[in-house]
Each structure stands twice: as structure tokens, then as C-alpha cells.
Number of protein chains: 6
Amino acid sequence: MQLHQSSWIEVDAYLKTSKGIVVPIGSTEQHGPNGLLGTDALCPEVIAKRAGDEAGFLVGPTFNVGQAQHHLGFAGTISLRPSTMIAAIYDWTASLHRHGFEKIYWFNGHGGNIATITAAFSEIYADVSLKRTGANAAPVRCTLRNWWELSGVGELCRELFPVGEGSHATASEVSVTYAAFPDAIKRVEMSPKIAPTGPILDADDYRRRFPDGRIGSDPSQATPEKGERIIAAAARALAADYERFLASA
Amino acid sequence: MQLHQSSWIEVDAYLKTSKGIVVPIGSTEQHGPNGLLGTDALCPEVIAKRAGDEAGFLVGPTFNVGQAQHHLGFAGTISLRPSTMIAAIYDWTASLHRHGFEKIYWFNGHGGNIATITAAFSEIYADVSLKRTGANAAPVRCTLRNWWELSGVGELCRELFPVGEGSHATASEVSVTYAAFPDAIKRVEMSPKIAPTGPILDADDYRRRFPDGRIGSDPSQATPEKGERIIAAAARALAADYERFLASA
Amino acid sequence: MQLHQSSWIEVDAYLKTSKGIVVPIGSTEQHGPNGLLGTDALCPEVIAKRAGDEAGFLVGPTFNVGQAQHHLGFAGTISLRPSTMIAAIYDWTASLHRHGFEKIYWFNGHGGNIATITAAFSEIYADVSLKRTGANAAPVRCTLRNWWELSGVGELCRELFPVGEGSHATASEVSVTYAAFPDAIKRVEMSPKIAPTGPILDADDYRRRFPDGRIGSDPSQATPEKGERIIAAAARALAADYERFLASA
Amino acid sequence: MQLHQSSWIEVDAYLKTSKGIVVPIGSTEQHGPNGLLGTDALCPEVIAKRAGDEAGFLVGPTFNVGQAQHHLGFAGTISLRPSTMIAAIYDWTASLHRHGFEKIYWFNGHGGNIATITAAFSEIYADVSLKRTGANAAPVRCTLRNWWELSGVGELCRELFPVGEGSHATASEVSVTYAAFPDAIKRVEMSPKIAPTGPILDADDYRRRFPDGRIGSDPSQATPEKGERIIAAAARALAADYERFLASA
Amino acid sequence: MQLHQSSWIEVDAYLKTSKGIVVPIGSTEQHGPNGLLGTDALCPEVIAKRAGDEAGFLVGPTFNVGQAQHHLGFAGTISLRPSTMIAAIYDWTASLHRHGFEKIYWFNGHGGNIATITAAFSEIYADVSLKRTGANAAPVRCTLRNWWELSGVGELCRELFPVGEGSHATASEVSVTYAAFPDAIKRVEMSPKIAPTGPILDADDYRRRFPDGRIGSDPSQATPEKGERIIAAAARALAADYERFLASA
Amino acid sequence: MQLHQSSWIEVDAYLKTSKGIVVPIGSTEQHGPNGLLGTDALCPEVIAKRAGDEAGFLVGPTFNVGQAQHHLGFAGTISLRPSTMIAAIYDWTASLHRHGFEKIYWFNGHGGNIATITAAFSEIYADVSLKRTGANAAPVRCTLRNWWELSGVGELCRELFPVGEGSHATASEVSVTYAAFPDAIKRVEMSPKIAPTGPILDADDYRRRFPDGRIGSDPSQATPEKGERIIAAAARALAADYERFLASA
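Quick caveat, the model's predicted, so the values are computed rather than measured.

Student: What is the right way to look at the overall build of chain A in this model?
Tutor: Counting its regular elements, chain A contains 8 helices and 3 strands. Along the chain direction, N to C, the helices and strands of chain A fall in the order α-β-α-α-β-α-β-α-α-α-α. Whereas a compact globule of 249 residues would reach a radius of gyration of roughly 18 Å, chain A reaches 19 Å, a difference of no more than 12%. Overall, the C-alpha framework of chain A stretches about 60 × 35 × 30 Å when taken along its three principal axes. The 249 residues of chain A split such that 65% are buried.

Structural data, given as C-alpha cells:
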């Protein structure tokens, strides 16, 4: 069940059965020569939709532009400053909490978002924590999960791509988008075959270190078939992990 | 050509041919008993994609949550505060300008966004305007267009729905989403047939005035066929209007 | 009755009879070769004072510097960034609401303010809308009215100036200030007689398009006599419109 | 010469003779039983206009709502939060600096503004100070002067009101407004004759300590004649003090 | 008793005996050729610790970086912008108030902090003042005291240094740090013996006026023995002044 | 060499030999029944001072209040909201960069700070990344290191405390503070001997889960002797790690 394709009456009814929601969150940023700019938003969106359809839970709209300042040296990257992103996550959460959602599972597709999302949770909790106990409203609970860290998913990715999985523009994430959007498959020669690795600083520095945008990866191995296997595994793992989150105190 | 399904290399090449981009911007908010929560984001997204595919221009990712405080009385609505939305539009624009985009056409699906988007443009321009002349960077130009105000579109909508088009959860916008997402078509009885009208204030007041969320509309008339006609007409009008924007000084 | 010339005891007594107030809001920005920099603040101030004196309602102090980034290419213009202006309108409103004012009629003199004022209202309402229903405080209601859109006023202006009324540094607004401040009347030759029209972007662009600051107008036609007629008509229309606002739900 | 009654052409010409401006800044807040809510804005406005007319310098529009949180327990008071006020002073200064003004003399009418105005200056200077030396733009210089501290003015006030001058809603400031606005003179019995004194904290506390709003004063002594003497003396002292500011390095 | 060396259980017990706390606040900024960059934080820290140990009151952690934009022309200076400092003081105060502290005595070591700290108090109080009366939480009370203005301290400093005490990098404050940190004593020739005086503007201007950082002082007179006398006197005066603050309504 | 005990002349000279600095950053928050509220600030401060003294590098003042919203249920905890902390780290970094520091090593003592510090780095870099390449200023580089993750340190802690090291109010960190501040050693009975573990949410939730503040630890094992061993090992590891940071591209 997707929130943006539901009516308010359907969401109202849903809230009588569950106080939880999964919100895909990603980034719009370069993903190397053959990866889509939307990769980090599309991966959690695709996996969450699959899992939500199978398990019957509600999936929110995708937070599709995140913290990607280091990729701004490559055309098409769009980034929020962390202070803006904290404000936006705060507003999304306040809106959902207003309706009675108490458990928000942010399903993330971008490593560069982790710190800012986590800081946003603290900003949200600080509002309550700075007040004395005794407020009678049910508090909101946020959690963050990266799709590649779901149980069994990392193992599968390494099994599918024993060499050149890498850490940015990975063979796995490109495969996921190829499975979902076969029309967008791009065949590009890359050299070196496996991209270099190194630290992430500002955008100019990034482009000097990683001239075609990849870090440590060989995404020319990506195929829609492998992507489909990852989606299927990740969707199952997501449903189980989200279930645990709902059950947690 | 959709930015989020393109690689940075493709966008780089595109920038050699054009400095412009169309960015769909909408809202996630209740659209009455049979309308989708995503209506205001989906309409510009669908129309822009159609036009971009036909005319060959670049379409950015959709800014899918906007200013919808007045709809927060209905489950599923998500809203940014105007100050947050201004900061986010500022960051999207700065990112695109960094790459060399100089003409950004914000293609809007939500009346409640207009003021905040317009204020965001002033916030962006003020950065330049507060400096003395002589900066050597090419300035950025933003424009805002609502899809229902494109040439010929309003006329078509009124022709298709001579009674009960309304101003929120309109028969036309619901039709557009039904054409694009036929699986999401909802058949719901509504009473009164045509919803009341009135001023828009805060969320509690809104819900008292408009108990099922509609304003002045009878969206039970919506059909995918009519939606398809609107999409086709709007896509043609968008392409022409965007062309004029690119050509303007 | 003007708030800034009243004592708190007088305002306290006034609040026992009415929960409403009219607040003039304008801008300090160039108004062409013969217009005053204060035009957009002075027009609503003068009209509101006249109407308040005649009808006995309370008029607040004038919010005299607004959003005028596009005029910063001309000496004397002072502008707030939209984000600053939203914060200031928020604080003014919160202060007035604290005393028991529930209906605030912002009486505007500057087209460039409209978007930011409207966004500020949403920022104010969002505070309430993001909370669950049930707050026991009476909510605040804001409305925005431009003086030139009051019933009959636009018609009168076009009748007085059938040619060259224009859209910035209009013959009408200059006339209003000439009626109120006859010592400030300026006689300046202008060429071309009627200024060009065009879009409004940043300050440098504005100055290139509109070299002496006017848009579409011939304010050399302005006279204090015509200004007086406009003031009288606008004051009557304001009193009636404000009355309707107070009576509205 | 008043900026808001000048055209941009006149200000442009003025800038060829001087890079300085006097900006009255005050507050809209209760001033006891017989004082005007606008007292703290009106006093510097009136004195600056007198001095500007006599000495020929430029006077800006009045910043008429300031930091008055402690007076919010009395009807009609309007206050900016300090963070908002800093942003607004920043924008006014940036606008004036853009035109070539390099010396801004903030002429203040409210003790409660002093800290925030001073902090705003630091916020403005910090922009430059955080950059390495070598910027080629002429820097802006701000200064703050309270009208009651001008040379000879305090002495005159104490001479006119040897008893009950006080520190808020003073006999002197009420006199100044009575001289300028004789129609607003209010005759009110006050008890005790001289108001109590004490510390200033939040609004509820203030009202408990100072039930009718005055601190240490007996403004029933105020007369327009004495106000006129103060205005004349303060205008002369202002012209001299401003002259020194312009001449300072 | 120092908060940062106490456990939460000890602070909990302390709160049963007192609702007050002393918080040293200073700056990290150049203090001339022989003064420590930490002088303005170390002086209140050292004096407060001495007084807290003797009188048994609680001393908070030191707010050690303040508003020092004007000193940024000298290496090692670290400054907060006023808007940042207001936010931080707001958060410290909200945290302490959450635990039940109702009287916060900010013990200051830097003149350049005074305006911003005072503005921060207004920002804190404005939260309460903008609400209608009747909140049931005990309000927080903040006060600001500069160590050099404590009763008898200024007199002692002038007695110890009849010539060349000055106003920045004073002989007294350098003496205090020399008493506390004898290993950091620096012997430096200075010329002229007594530094010039003048106004404080931005960092580049400051460095031009005051080439070695001092204002009006001859800190080569500083000795640890004199510093010890100042610390002892200031600690006694602080204990008495804080006692009065606790006893005040 | 400690910045706050150095003069600006000494820092100026230091900058000729190195562009790097180590800045301790921690938190003021409850650390269980026998731990100091300042533990997380004092640990990096003590270790950095030791290493700086031995290896001759510059150590900045300690950023002593961080992100600790989850500990606000325990008396004495002081927290910044993440948005405030980002602004403050931004200002500290801009100040240091102004003087020519290009490598800032933030030496952290609090797990709850990691996300916010990392987000602050992105905020800092975004300023540069949003600009086109070609700025001629040397960029600033920030890194974050937690003291307990330095090479060999975690191993030593687990060797010293094979049972009950835990994750908050650890036996190791309490030992470090006991070594540095033997007068602050507290002997407190704790039950259960080893504290529970669990997730970290808001302050009320935290206190319910962890009634005495500890997570997973038995800090009653802490001794100054073990603390001294940890300090010595960590100081050596810090010097080596910082050396690598300085040498990195």
C-alpha cells in the first residue's frame, strides 16, 4: 500500500490497524558512468514497494533529494545542506505524528544521509526531551535502516559480485535500478575496471580522487537479473525487520 | 529525458545543448474521498514526463512534499513549513546552478505552493541583488507554472467537466492520476455531490468547512479517458511554454 | 484610532469591543523618477488612517520595509529577505494574538510582498495545524488585501488614468502620496513617456529592463487632487471590506 | 531630507555628497497610562527629522517594532524576538551598503533594543571578520546612539523633571510625543504618583512588578512645551554627534 | 562543587537544597603579546571555582567560546556569530531549567559577550512572554555579571595598576591567569608601553588600530601575586552577589 | 601546546610550522552513579593534552557541551540541539580556517555526537561544494576520531575490563577521569552490577530503560591506575593517528 496512491480515507482506516509507516529516503547524485542519478532514491523505493505490496504495510512517498554535497562536482547531483534536511525530516515526521503514526521506519539508500538523518532524529527527540516528563501524547519513534545492511542482503551482494562491488556506484545498486528500469540500462566502458578508493571531503576534492564518480566498484557487471535477486531478498528482509521494529518497545 | 534515470555523463552532454530544466513540484495531501494523496505531485510529474519524452527536454526529480498545512486534518497529508520549503528550493536551485543550469522551470501541481515557491525565488535572487553589480557568474532564472493554467488546459477541463470541476480535489486532477495509475482508481459515493466552497485557514478550520476534503468539486466524474486527454493537451502546452521560457531574455 | 498613538489602557478597552486590527504593510523601494521611496508603505498607511478615523477601527503601526530585492539596483531601496520577513510577520502576529486580537487584516501596498505575506500566514497556521485538535485557545485569522484591489478602486484608477497607469510607480500610487505629502511633489521629465513592461527577476536584470525604475507607467500625470479622490474611495472600500472580514466565520 | 519621501534619483545624488545615513529605531510597547504605544519609535523619528531638516542630512525610515518581550503583558505591545531583529537589521544594513552607504547611525529610542542592536552589529561585522583580509569593498560602519544620552539631553530632562523622570514611560519621552502629537495628549490619574522600580524579566513578572507599566516615573508631569524644548536640544546634539561619526575613521 | 566533576545523583541532591547555578562564560580570543587566548574564559572559571569551593554552591561547565568577531585578525581567536551564541545559550538554559534550575547566574569574562548574552535572555523570556499568563511551570531567571564589576574588584584592580590597566588585555586579567597558570607566564617586550585606545569595529579595522591586540593597557605589569589578590577578592564578592541573586524575587 | 594557554603570537609562530590542530569535543551528561557529568569532555581533553605535550602539537579549547538530548532525564545534563551544534562547529571551523588552519582533527568523547559532527562537516563542505571550482583559498579538512577507537585502545579497555565495560558510563571512561581528577572519585553501590542494554530514543524513554543512567556497564570497577594506563596508550595512539591525518592528501 503506497501512501501517495491512497486516499486519506484509506490511510485513516490503515491507522486503525497499525501506527507504523516505511518512508524511503535517498539522494539524487551521480552514480558513475553507467549508474542512474536517482539510484539511491530508487533502490529503497523499489524494495519498499515490493515489500509493502507483499506484506501489506504502508509505504510513504520517497524523500528523494538528500545530503550529497560531495557529489556536486558531477552534473545532475542535487543536494540539501544538512540543516535544510534536518528541517525537512522534522516536518515530515511532525506531519505523520499528527495523524497518529508513532513508528516511522526511514528506509535509506545513501550512506551520505546517515549522519544527517540520525541528527534529525535527535532534533525531533530533543523537543520532547527538553520538556519535563508527563506529556500525555504518545511519543514518536524513528529508526533508520540502510537497505544494503538488511539481514542477508550484504552477503548476497558479495556473492553476486565477489570482485568490484565497491562502496559508491556499486554493482549491486546499479543492478537494482536496472531490474526496475530496464529502459535505463547503460553500457559504458570504464577504466580502470575497478575504481580507486579514498576519503570523502568536498566536491572538488572528490572529483580529483574519483574522476568518473565511482568508488572501489566495477558496476559494468550490473545486470537486471542480479538486481531482481537483490530486490527479492531485500524485500523479504525488510518486511521481517520492519515487523521487529513495530513489535519493539 | 529524466534526470533521475540519466547518468551524470548524459546530463553533462545535455548541458552542452541546453541550460534549462523542468522540475515538477507538488504536494502530498488529501484529495477527497476518491483522490490520491499524491495527486499534486503526480500530475506535474506525469505531464512533464510525457512532454519531456516527446520534446526531448530534461525533467528533474519531483519535489513531492510541499506546503500543505491546511490539509493536516486529514490522514496522510505531509507538509513542509514555508521556511523549510524555501530552504529546500534554495538548495535544489543552487545545486542545479552549480552545474550550469541557468533556466529552471518549476512545474507546479498545488495552488498552496505558489506563494512559498515565489518567495523562494525572491530569497534566491536576493543573494545576488544584495551584492553590487559586476559578478561574473551567469545568473539563474526561475519561473513557476501551474499545469492547470497552461494554454488551453483550463478550457479543456471546464469542457470535460462543465459542472463540479471545483478547486480542490478537482475532477480533472483526479482524472489525470486515474489515467496514469489505473490500479489506484477508487469508486466512492460522495455527499453532497458538489462540495462546498470557502476560505482556507488552518487545518482544524479546513476540516470543519470541508468535511470530506473536497472544495467545490465533484470528482466522482473522474475517468482515466478524460485524464488522458488532459495529459496529452497539457504536455503539448508545456513544451511550447517551456520553449518560450528558454527563449526569453 | 491608531495603535501607536494610543495607550495600552485604550487598546485594552478597544479589545472589549473588537478582536480585529488593520495593519498597513508596504515596502521602501524606488518608485521611478518622481515617486517616493516610501510609496508602498505610505499608501496603505494613509488610506488605513483615513478609514480608521472615519469608521472607528484600530490601525496598527506600519510594517514599512518589505520584500523588494528586485529594486535594490536603485539607491534608497531597503529589502528584507523573505525568510526574515516571514519571521517578522510571525512575531507581530504572535504579539497581537497574545493580547486577544483574533482577526488581523494586513493592508498591503506592494505587489512584491504578496507571496511572502501569504507564506507567512501558512507558517503561522502550520504551528497550529501540526498539533492535534483540541487546543483551547481561540485561533488567529490573518487576511491580506491590496489597496488597489479594493472594490471600485481599480476602476477609479483606470478612469483617472486611462493611459499610463502601469504596474510599478503607477500614476495612482504617486498621486496618493502627493495628496498626503504635497511638500514631496517632484516634477521630473521622463522618457519614454510610458515605461516598458517585462518580467521581474533580480536587481541587475531589473535595472537593465527598466532604466528609470518604472514599469508600464507614466506617473508624470500624478496630481494631489486625483490622489485625494483615490484615498477617499479606498478608505470607504476598506471600511466595508474590513467589516466583512470581521463578520466572516 | 527623509529617505521615504525622496526619490531614488535624489538619494543617488545625496550619495555623491555623503556616505552616511541616520536610521531611527524604536519599539511599539506600552508606555504607562498616559504614554503612547509608539513612544520609543516616535521620539527618535521626531528628533531625527528635526535635525535632518536643519542640518541637511538623510534620515531613513523608522524601524518601529523592536525587542519588547517584557512589555507583552500590556495590550498593544508588539515585539520581535532578538533573532528576528538581528536578521532584519542585517538586511536593512546590507541593502543600504549595497547602494554605497558606509556609515549607518542607528538612532535609538528604546533601552530594551540596545543589546540586540549591538549583537546585530557583531553579526554584520562577523561576515567580514571571518574572511581573510583583502576584500576590496569598502566596509560598512554602524553606530548606535540613544537619544536620551546625547550631549546635554539627559541634563535637560533632569532639569525639567527633577522628580519622577524615571526609567520607563519617562516624563521626558511622553513630553516629546505630546509636543509632536498634541491630539494624542492623555490626562490620566496615576497612583502611586511615582511608579516603583525593579528588575526586568519576562512579561508576566513585569506586569506583577509594574502594574500600570511605568518604572520609576511620574509622566503626569509631561507637557508639550517641555517636549518641544527636549526636541530642540536633542536635534542640535544629534547633528553634532552625527557629524563626529561621519568624521571618524 | 563543580557540575562537570559531579554525578547526576549529586546534582539531584543539590537541587533539593538550591535551584541556582553559576555558569562561567567567556571567550577564546587574543589578549595581546603576553596574554593567554583563553583569558576571558579562564578568569570567570577560576574565580567561580574558588567561590564555589568556599561557599558551597554549584558551578557549571565553562561556556568557553563567545562573541569575538573583532579579534579574528589575530591567530587563535575563535568566535561564534551572535545568532549561534543565542541558540547555544538558549539550549544550555533550557537544559538546566528542565532539571529544575530556576536561577542561572552567568558569570562573564568578556565585554564583547554582554550584548549577545543579554539578547539571549530576551530570546529565552520571549518564549514565555508571547504566551498568555497561566503556565504552571516555574519560570527561569537569568542574570549576567562581569567579574570586573563585582563590588570592590574594579577598585582593587585600579589600586594594583594605577597606570595601564586598560580595557583589553588588561593588567588585571592577565594577572589572574598568571596566578592560576604560572607555567603559562610570558615575558614579552611591548611598545608602546601603553597601548592605544579607540572604537571596536570589524577584525581588519581592529588590527589596524591595535597592532599587537591590546587596548589601552600595559599588561607587562601582570604578576601572579597580584592575580591571586584579585581572585581572592573577586571570589568573595561573587559569593555575596550570587547570594543576593538567589534571595531576589 | 594548548591554544587557550598560548598567546596569539605563539599561535602565529606555530602556524608557520603546521596547519593542523586537535580540538577535543565532548558532552556534559550523566554518566551513571559514580561517573562525572563532564566525562565525555574530560576524556578527550586529558588525552589530547597528554599527547600534545608529548608530541608538540597544538590542542584547541574543549567543545564541552554536545548532543545529549537522551540524557536530559538526569540532573546536570546539558545538551545542544543538533541544529545549534552544527552552527557552532561551523563557526569554530570558520574561525580557525581564517587564521590558516587547514586540518582540523576533532577528537571526540561522546558517541551521541558522531552524527551531528559528521553532518556539520557536510554543512561546512557544502559551502564550497555549491560553488564552482576555482576558488583560490586552500580548503579546510575536518576529521573525526573517537578516543576509544584509536589503535589499540579498545583492546586495552577490554583487557582491563573483560566484563562490564559496557557502552555508556563505561568502566574505562570513568577510570580515565579518576586518573585525571582523583578528588572526584566516587564510591557508589550499583544494582544490578551490570546495567541493561537497549536502544536510545528520547529522554523519558531512556530513563525508563536505564534507571541509573548506565548502559551495559559496571563502572564500579573503575580505578585511577587503569585510567592512567588508558590515557598513556591513547595519547600515543592519538599522536600517531594525527600524524597520519596531517600527512594525508
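Student: Please clarify how the interface of chain E and chain F should be interpreted in this entry.
Tutor: Quite often, the size of an interface is put as the accessible area lost when its parts meet. Contacts between chain E and chain F engage 52 residues on the former and 52 residues on the latter. A salt bridge links F:Lys186 to E:Glu10, with the shortest nitrogen-to-oxygen separation between them at 3.0 Å. When residues of the side of chain E that touches chain F are traced back to their parent elements, those giving at least two are helix 1 (8-15), helix 3 (82-99) and helix 7 (203-209) of chain E. Here the side of chain E that touches chain F gets 10 residues from one element, more than from any other, and that element is helix 3 of chain E. When grouped by side-chain class, the residues that make up the side of chain E that touches chain F number 25 nonpolar, 18 polar and 9 charged.

Student: What should I look at first to understand the packing of helix 5 (residues 153-160) of chain E against helix 8 (residues 224-247) of chain E in this one?
Tutor: Axis angle and axis distance: for two packed helices, these are the angle between their axes and the distance between the axes, and together they describe the pair. Residue and element names in this part refer to chain E. Direction vectors running N to C along helix 5 and helix 8 enclose 165°, while the axes themselves pass 9 Å from each other. If you check the angle between helix 5 and helix 8, you find them roughly antiparallel. The way helix 5 lies across helix 8 gives a crossing that is right-handed. Here helix 5 contributes Val153, Leu156, Cys157, Glu159 and Leu160 to the contact with helix 8, which in turn contributes Lys226, Arg229, Ile230, Ala233, Ala234 and Ala237. Taken together, the residues that form the contact of helix 5 with helix 8 break down as 8 nonpolar, no polar and 3 charged.

Student: What am I meant to see in the sheet that holds strand 2 (residues 103-108) of chain D here?
Tutor: Sheets are built from strands paired through backbone hydrogen bonds, the pairs being either parallel or antiparallel. All names here are of chain D. Strand order across the open sheet formed by 3 strands is 1-2-3, with parallel pairing between neighbours. Here the strands that pair on one side only, and so sit at the sheet edges, are strand 1 (20-25) and strand 3 (141-146). Each strand of the sheet is rotated relative to its neighbour by a mean of 20°, with strand direction disregarded. The pairing of strand 2 with strand 3 spans 6 bridges and is parallel. Bridge pairing in strand 3 places Asn108 opposite Asn146.

Student: How should the packing of aromatic side chains be read in this particular structure?
Tutor: For the structure shown, the criterion picks out 64 aromatic pairs over all chains. Centroid distance B:Tyr105 to B:Phe245: 5.9 Å. Interplanar angle 55°. Geometry classified as tilted. Taken together, the residues span a long stretch of sequence, with B:Tyr105 in strand 2 (residues 103-108) and B:Phe245 in helix 8 (residues 224-247) at a distance of 140 residues. There is no split in this pair, since B:Tyr105 and B:Phe245 are both buried. Connected via pairs of aromatic rings, a cluster forms that spans A:Phe57, A:Tyr105, A:Phe107, A:Tyr242 and A:Phe245. Of note, D:Lys103 hangs over the ring of D:Phe245, and the distance from its end group to the ring centre comes to 5.2 Å.

Student: I tried to follow the interface of chain A and chain E on my own but got confused; where do I start?
Tutor: Each partner contributes residues to the interface: chain A has 5 residues there, and chain E has 6 residues. Of the roughly 410 Å² buried between chain A and chain E, counting both surfaces, carbon and sulfur atoms make up 47%. Summed over the shared surface of chain A and chain E, the result is 0 salt bridges. At the boundary of chain A and chain E, one finds 2 residue pairs in polar contact (both at pLDDT 80 or more). Within the side of chain A that touches chain E, the residues separate by chemical class into 1 nonpolar, 2 polar and 2 charged.

Student: Looking at this structure, how should I read the pattern of salt bridges?
Tutor: Between side chains of opposite charge, pairing is possible as soon as their charged atoms come close. Summed over all chains, the structure comprises 84 salt bridges over all chains. B:Lys49 is the salt-bridge partner of B:Asp53, the closest N and O atoms lying 2.7 Å from each other. Highlighted residues: B:Asp53 and B:Lys49, both in helix 2 (residues 39-55), separated by 4 residues, approximately one helical turn. What makes B:Lys49 partly exposed here is its relative accessible area of 33%. A salt bridge links B:Asp205 to C:Arg141; the nearest nitrogen and oxygen atoms lie 3.4 Å apart. With one member in each of two chains, B:Asp205 in helix 7 (residues 203-209) and C:Arg141 in strand 3 (residues 141-146) form a pair that bridges those chains. Judged by relative accessible area, B:Asp205 falls into the buried class, the value being 6%. Accessibility expressed as a relative area gives 9% for C:Arg141, which makes it buried. Linked by salt bridges that have partners in common, A:Arg141, F:Asp202, F:Asp205, F:Arg208 and F:Arg209 make up one network.

Student: So what exactly am I meant to see when it comes to the environment of D:Arg145 here?
Tutor: Residues and elements named next belong to chain D. Topologically, Arg145 is positioned in strand 3. Spatially, the C-alpha atoms of Arg145 and Asp241 are 9.0 Å apart, while their sequence positions differ by 96 residues. Those residues in contact with Arg145 that lie beyond four places of it in its chain are Tyr105, Trp106, Phe107, Asn108, Leu150 and Asp241. A distance of 2.7 Å separates polar atoms of two side chains, one belonging to Arg145 and the other to Asp241.

Student: Sorry, what's going on with helix 3 (residues 82-99) of chain D here?
Tutor: Each α-helix turn comprises 3.6 residues. Residues three or four places apart therefore point the same way. Residue and element names in this part refer to chain D. In this model, helix 3 (18 residues) spans 26 Å end to end at C-alpha, consistent with the 26 Å of a helix rising 1.5 Å per residue. Helix 3 sits mainly inside the fold: 14 of its 18 residues count as buried. Looking one or two places after helix 3, you find Gly100, whose phi comes out positive at around 110°.

Here is what the cut-offs are and how they apply
- Residues numbered from 1 in each chain as written.
- Chains lettered and ligands numbered in written order.
- Predicted model: local features only at pLDDT ≥ 70, side-chain atom pairs only at ≥ 80, totals over all residues.
- Heavy atoms only, no water.
- Helix = DSSP H or I, 4+ residues; strand = E, 2+ residues; numbered from the N terminus.
- Rg over C-alpha atoms; globule rule 2.2 N^0.38 Å.
- Buried < 20%, exposed > 50% of the residue type's maximum accessible area, 1.4 Å probe, protein only.
- Contact = heavy atoms within 4.5 Å.
- Salt bridge = Lys/Arg side-chain N within 4 Å of Asp/Glu carboxyl O.
- Nonpolar A, V, L, I, M, F, W, Y, C, P; charged D, E, K, R; others polar.
- Axes fitted to C-alpha atoms, helices over the stretch in contact; angles between N-to-C directions.
- Parallel < 35°, antiparallel > 145°, perpendicular 65-115°, else oblique.
- Left-handed = near helix turned anticlockwise from the far one by under 90°.
- Pairing = 2+ DSSP bridges.
- Phe/Tyr/Trp six-rings, centres within 6.5 Å; stacked < 30°, edge-to-face > 60°.
- Lys NZ or Arg CZ within 6 Å of the ring centre and 35° of its normal.
- Buried area = accessible area lost by both parts, 1.4 Å probe.
- Polar contact = N/O pair within 3.5 Å; in protein donor to acceptor, adjacent residues only side chain to side chain.
- Expected span 1.5 Å × (residues − 1).

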